[in-house]
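Here are the chains, one letter per residue:
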Amino acid sequence: MKILSRALIFVLALLSFALSGCSSLRFVPEGKTLLQSVRMTSDAPDVKASGYRRFVRQEANTRWLGLLKVPLGIYRLSGRDSTRRINRFFQRIGEAPVVYDPSLTAYSCRSIEQTLQGRGYLNATVQADTVNRGRRTRVNYVLHPGGRSYVSQLGYTFDDARMEKIVLADEMQEGSLLYRGMPFDVTLLEEERRRITRHLQNIGYYGINQDFISFSADTLAGDYGVELRLNFRCPANLEPEQVYQPYTYGNVRIYEAISTPAEADSSVYQGIRFYHERGLSRHVSRRVLAEHNYIQPGQTYSEQAQQFTYQSLNSLGIIHYSSIRTRALPDTLLSDTLHTIDTDIYLKMNRPNGLALELEGTNTAGDLGAAASLTYTHRNLFHGAESLGFKVRGAFEAIKGLEGYSDANFIEYGAELSLRLPRFLVPVKARFRRRVRATTEFSVLFNSQDRPEFHRRIWTGTWHYQWSPLHNPRLRHRFDLFSLNYLYMPWISNTFREKYLEDNSSRNTVLRYSYEDLFITKVGYGFTLNSQGQSGSQSLYNTNGYQLRVGSELAGTLPYVITRFHDFGRNGSGERLLGNVPYAQYFKFDIDYAKSLRLTEQSSLAFHAAFGVAVPYGNSTMIPYEKRYFSGGANSVRGWSVRELGPGTFVGKDGKVDFINQTGNLRLDLSVEYRARLFWKLHGAVFVDAGNIWNTRQYEGQDGGKFFWNSFYRQIAVAYGLGIRLNFDYFILRFDGGMKAVNPAEPHGKLHLPLLHPNFSRDFTFHFAVGLPF
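Residues numbered from 1 in each chain as written. Predicted model: local features only at pLDDT ≥ 70, side-chain atom pairs only at ≥ 80, totals over all residues. Heavy atoms only, no water.

**Notes on the overall build of the protein chain**
Stated precisely, the cut-off is as follows: Segments assigned H or I by DSSP are reported as helices when at least four residues long, segments assigned E as strands when at least two residues long, and all are numbered from the N terminus. Relative accessibility thresholds used throughout: buried, under 20% of the residue-type maximum; exposed, over 50%; partly exposed, between the two (1.4 Å probe, protein chains only). For this analysis, residues touch if any pair of their heavy atoms sits within 4.5 Å. Using the Shrake-Rupley algorithm and a 1.4 Å probe, accessible areas are obtained, with residue cover drawn only from the displayed protein chains. We treat Lys and Arg as the positive residues and Asp and Glu as the negative residues; His and chain ends play no part in the count. Taken as the charge location is NZ of Lys, CZ of Arg, CG of Asp or CD of Glu.
Check the secondary structure of the protein chain and you find 16 helices and 29 strands. In terms of its C-alpha atoms, the protein chain occupies a principal-axis envelope of roughly 90 × 80 × 60 Å. Every one of the 774 residues in the protein chain was classed for burial, and the buried ones make up 46%. Across the protein chain, contacts joining residues at least 24 apart in sequence account for 63% of those joining residues at least 6 apart. With the model as given, the accessible surface of the protein chain reaches about 39,500 Å², and the carbon-plus-sulfur share is 55%. Across the protein chain, the centroid of the 91 positively charged side chains sits 4 Å from that of the 72 negatively charged ones.

**Considering unusual backbone geometry**
In this structure, the amide linkage connecting Gly646 to the following residue, Pro647, adopts the cis form with an omega of 0 degrees. Of note, Gln270 is a non-glycine position whose phi angle comes to about 55 degrees, a positive value. Assignment of secondary structure puts Gln270 in the loop between strand E8 (264-269) and strand E9 (272-277). Of note in the backbone geometry, Ala385 takes a positive phi value of approximately 65 degrees without being a glycine. Structurally, Ala385 is set in the loop between strand E13 (367-378) and strand E14 (387-398). Assessed through its relative accessible area of 6%, Ala385 is described here as buried.

**Some words on the environment of Val651**
Along the polypeptide, Val651 turns up in the loop between strand E24 (603-616) and strand E25 (666-679). What makes Val651 partly exposed here is its relative accessible area of 38%. Considered as a pair, Val651 and His767 are 116 residues apart in the sequence and their alpha carbons are 22 Å apart.

**A closer look at the sheet that holds E8**
Put simply, the test is: In this scheme, strands are said to pair when DSSP sees at least two bridges between them. Axis definition: a line fit to C-alpha positions, over the contact stretch in the case of helices; interaxial angles, taken between N-to-C directions, run 0 to 180 degrees.
Read across the sheet, five strands follow the order E8-E9-E7-E11-E10 without closing on themselves; strand pairing throughout is mixed. If you trace the sheet from one side to the other, it starts and ends with E8 and strand E10 (319-328), each paired once. The average angle at which neighbouring strand axes cross in this sheet is 20 degrees, direction not considered. Note: E8 against E9, six bridges, orientation antiparallel. Each bridged residue has a counterpart across the sheet, and for Ser266 the counterpart in E9 is Tyr275.

**Considerations on the nonpolar core**
Note the cut-off: Side-chain atoms within 4.5 Å are what join buried Ala, Val, Leu, Ile, Met, Phe, Trp, Tyr and Cys residues into a set we call a nonpolar core.
Core analysis: the biggest nonpolar cluster contains 27 residues, and Ile254, Leu289, Ile318, Ile319, Ile345 and Leu347 have the highest contact counts within it. Of all the secondary-structure elements, those providing two or more residues to this core are strand E7 (247-256), E9, helix H9 (286-291), helix H10 (303-314), E10 and strand E11 (339-349). Discounting residues that sit within four places of it in the chain, Ile318 has contacts with Val284, Met349, Asn350, Arg351, Pro352, Arg379, Asn380 and Ala385. Counting 23 residues, the second-largest nonpolar core is a separate cluster that includes Met163, Leu178, Phe184 and Ile213.

**Focus: the pairing of strand E15 (residues 409-421)**
Where E14 lies against E15, 12 bridges are found, and the strand directions are antiparallel. Its bridge partner lying in E15, Leu388 is registered against Leu419. Across 11 bridges, the pairing between E15 and strand E16 (residues 436-450) is antiparallel. Its bridge partner lying in E16, Leu421 is registered against Thr440.

**Describing the side chain of Thr521**
Along the chain, Thr521 turns up in strand E19 (residues 518-530). Judged by its relative accessible area of 8%, Thr521 falls in the buried class. The contacts of Thr521, once residues within four sequence positions are left out, are Ser483, Leu484, Leu554, Ala555, Gly556, Leu558 and Pro559.

**Brief notes about helix H7 (residues 186-201)**
Quick note on the threshold: One less than the residue count of a helix, multiplied by 1.5 Å, gives the span that helix is expected to have. Polar contact is the term for a pair of N or O atoms within 3.5 Å; when the atoms are in protein, one must be able to donate a hydrogen and the other to accept it, and sequence-neighboring residues count only if both atoms are side-chain atoms.
The terminal C-alpha atoms of H7 lie 23 Å apart, and with 16 residues this matches the ideal 22 Å at 1.5 Å per residue to within 8%. Within H7, the full set of buried residues consists of Leu189, Glu192, Arg193, Arg195, Ile196, Thr197, Leu200 and Gln201. Capping the start of H7 is the job of one residue whose side-chain oxygen sits 2.9 Å from the backbone nitrogen of Thr187: Asp185.

**A short note on the side chain of Thr343**
Among the secondary structure elements, Thr343 is positioned in strand E11. What makes Thr343 buried here is its relative accessible area of 0%. For Thr343, the residues in contact, after removing those within four places along its chain, are Tyr249, Asn251, Val252, Arg253, Ile295, Ile324, Arg325 and Thr326.

**A few points about the confidence of the model for the protein chain**
For clarity, the threshold we go by: pLDDT is a per-residue confidence score from the predictor, ranging from 0 to 100.
For the protein chain, per-residue confidence averages 88 on the pLDDT scale, and residues scoring 70 or more make up 91% of the total. Of the regions scoring below 50 in pLDDT, residues 1-10 engages in seven contacts with residues more than four places distant in sequence or in other chains.

**Section: the pattern of salt bridges**
Note the threshold: We define a salt bridge as a side-chain nitrogen of Lys or Arg found within 4 Å of a carboxyl oxygen belonging to Asp or Glu.
Counted according to the given criterion, the structure contains 30 salt bridges. Taking the shortest distance from any N to any O, the salt bridge between Asp342 and Arg253 comes out at 3.8 Å. Here Arg253 lies in strand E7 and Asp342 lies in strand E11, a separation of 89 residues in the sequence.

**With respect to the environment of Ser373**
Inspection of the secondary structure assignment puts Ser373 in strand E13. Contact partners of Ser373, with chain neighbours within four places excluded, come to Ala356, Leu357, Glu358, Lys391, Val392 and Arg393.

**Focus on the packing of aromatic side chains**
The description of an aromatic ring pair rests on the distance of the ring centres and on the angle between the ring planes. Selection rule: Any Phe, Tyr or Trp ring, taking Trp's six-membered ring, that has another such ring centre within 6.5 Å forms a pair; planes under 30 degrees apart are called stacked, those over 60 apart edge-to-face, and the others tilted. Over a ring means this: the NZ of a Lys or the CZ of an Arg is within 6 Å of the ring centre and within 35 degrees of the ring normal.
Under the counting rule described, the total for this entry stands at 34 aromatic pairs. Considering the side-chain rings of Tyr255 and Tyr275, the 4.9 Å spacing of their centres and the 10 degrees angle between planes classify their relative orientation as stacked. Here Tyr255, found in strand E7, pairs with Tyr275, found in strand E9; they are 20 residues apart in sequence, far enough to count as distant. According to the relative accessible area criterion, Tyr275 is buried, its value standing at 12%. Note on Phe424 and Phe432: the rings are 5.8 Å apart at their centroids and 35 degrees apart in plane angle, and the pair reads as tilted. We classify Phe432 as partly exposed; its relative accessible area is 35%. Grouped by ring-pair contacts, the aromatic residues Phe424, Phe432, Phe442, Trp463, Tyr465 and Trp467 constitute a single cluster. Above the plane of the ring of Phe410 lies Arg451, whose end atom (NZ or CZ) is 5.7 Å from the centre. Here the basic side chain of Arg638 rests over the ring of Phe687, its NZ or CZ set 3.8 Å away from the ring centre.

**Section: the sheet that holds strand E3 (residues 136-144)**
Strand order in the open sheet formed by three strands is E1-E3-E2, with mixed pairing between adjacent strands. Each edge of the open sheet is held by one strand with a lone partner, namely strand E1 (34-42) and strand E2 (125-133). The average undirected angle you get between the axes of adjacent strands in this sheet is 20 degrees. Judged from the eight bridges that link them, E1 and E3 form a sheet pairing that is parallel.

This is the structure in structure tokens:
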């Protein structure tokens, strides 16, 4: 802690020196000025100036968290001699002074005006006020939007009766973005063009594009009303007789790892001709490729079918990428026969086998160690794009502070075997199967943990499905049809047994339950909705995106049914046995929501809320330890270390962390975080976290841990802090420092509100993690 404090003081001193050092004006050419600041205001309450910030072409130097121009301060530590290495270093990681350019200000005014006019403020003007003080310039853009125009009359013009009938059909008009009274917004008009074009291309009109659709507007004198007309006309360089005819797919050909059929073997399956390298067997079976192809001979042309084919084929692990080429047959363009399109699909294959080695360092509450894993992958096991994975992992950790044990090392090893199939294995309706991208996965895992106190073995077997609708790839479902976990303890040291398991102290109630042999069988369902179309919190970074995750699981139903037909007896705690092992029964539900608001090009505000509850019933009075919640740590309330907070107002013996008892079956996490780019690859954050865990039942040894509606809000812990992140695009290294603000473990007095009575050595917690907290 002292080292961290000294490091922080050193960094602050360095920043102070950088900010108070020699003037940055020495880097500004004579006759020029330094752009000191840029502000934006609007005289219309319904128009937020911040929404037009991205059209400003010249910004002042970056401020850390909106306060200090630290990158500029670092740059001015350098000298003018660029041949010196130290000067180049400071200039590379710092930020050069921004020299004010009047032409960019004028360009910014025009860009903002055009954008306002495009959104319906036809008489908008933008004024740039500049204030010069010495050799520094401040710019303030003042927006004068005026009144917003609206569509008072709406009309349509078509040069073809067939197009008029399709576009004005009821089902098309229900999704139309055009209506009388709508704002005259060019963005909405462009989206309507895309909507109509997309619909026509999906019902066979191959040659139609957005150039067919235009808009004409007539403003009314003395009024904000606009007469809007949608014009649908064939461009002069095209023949209406050709483009106003629906097309169908003709020949469909799929090429496996070849670009020409000249030296290839071919065969026909379901009307599709497949080509593969002559003299060699096929990479992937024709059945699998046909199932993942949505372009069928004789089918009406559809742009959506091509996108579905891209998505589906590229989801197969054996395929590196796919490309689709379409060609309208010239002999049908001038004939009265049906218009057809030939389609060629080219597949580039991945290597079927892969081997990966991962090395990592571990740090568990100060105990250092190392781990290694080796993973073998076969991406095309049975020539049907089946993926086989085999992973072995080993870890070693030196444990400190244990007394009374013959060994002081932790050794872990395990193996996992998985098989993933690119389809639903159980029968489902063919129509549903064609609408989703699905996988079926089986896995078996063994994990062995040898600690000085005990040895633990875990066997896990799962059978689950994952699928995503082709029309909405942002939504992903997971259904665990069957999951079995068997936990057993082959050896427990006498010291651990006598001190904890056979001790009648009420504080060891949860611990004793956590070290019993146990069966956990469950079914579960969950889904993830990510607006960016990717999974993981990092996909939301500096966007206007969101992610919603919902999960549920029900455990113990199958063992309960079995024991109803055959009684295996009960143990000393009254739990029903399956064989000689008790089984768990519980229901668990989790919901997690994260939202990011992009403030500027380099800053955003992120929100996070998570709630979870696990309720034991039937054969269980307590949730298995692996399924219980904990609070604190790098991804929770960051003023506390992992498993250091809760449940409720509970405090470990003598104020020490109690890893077993500081768990619960109900959790709440709330966070808000301001994120901004600092310089180079360095990003910063200011955050506030709140949350805790509780139990829905009163357990011995967890005093103050039960949830009560009339008092839980007074037990919510609050923390605040700063974070530094190294953003390497493909991964983020995160360093967060959190301070306690409200401590529920101290219900009264000064210690309850460390925010008002801070003590750095007592309240500060440092976290290192990979990736964002949410």
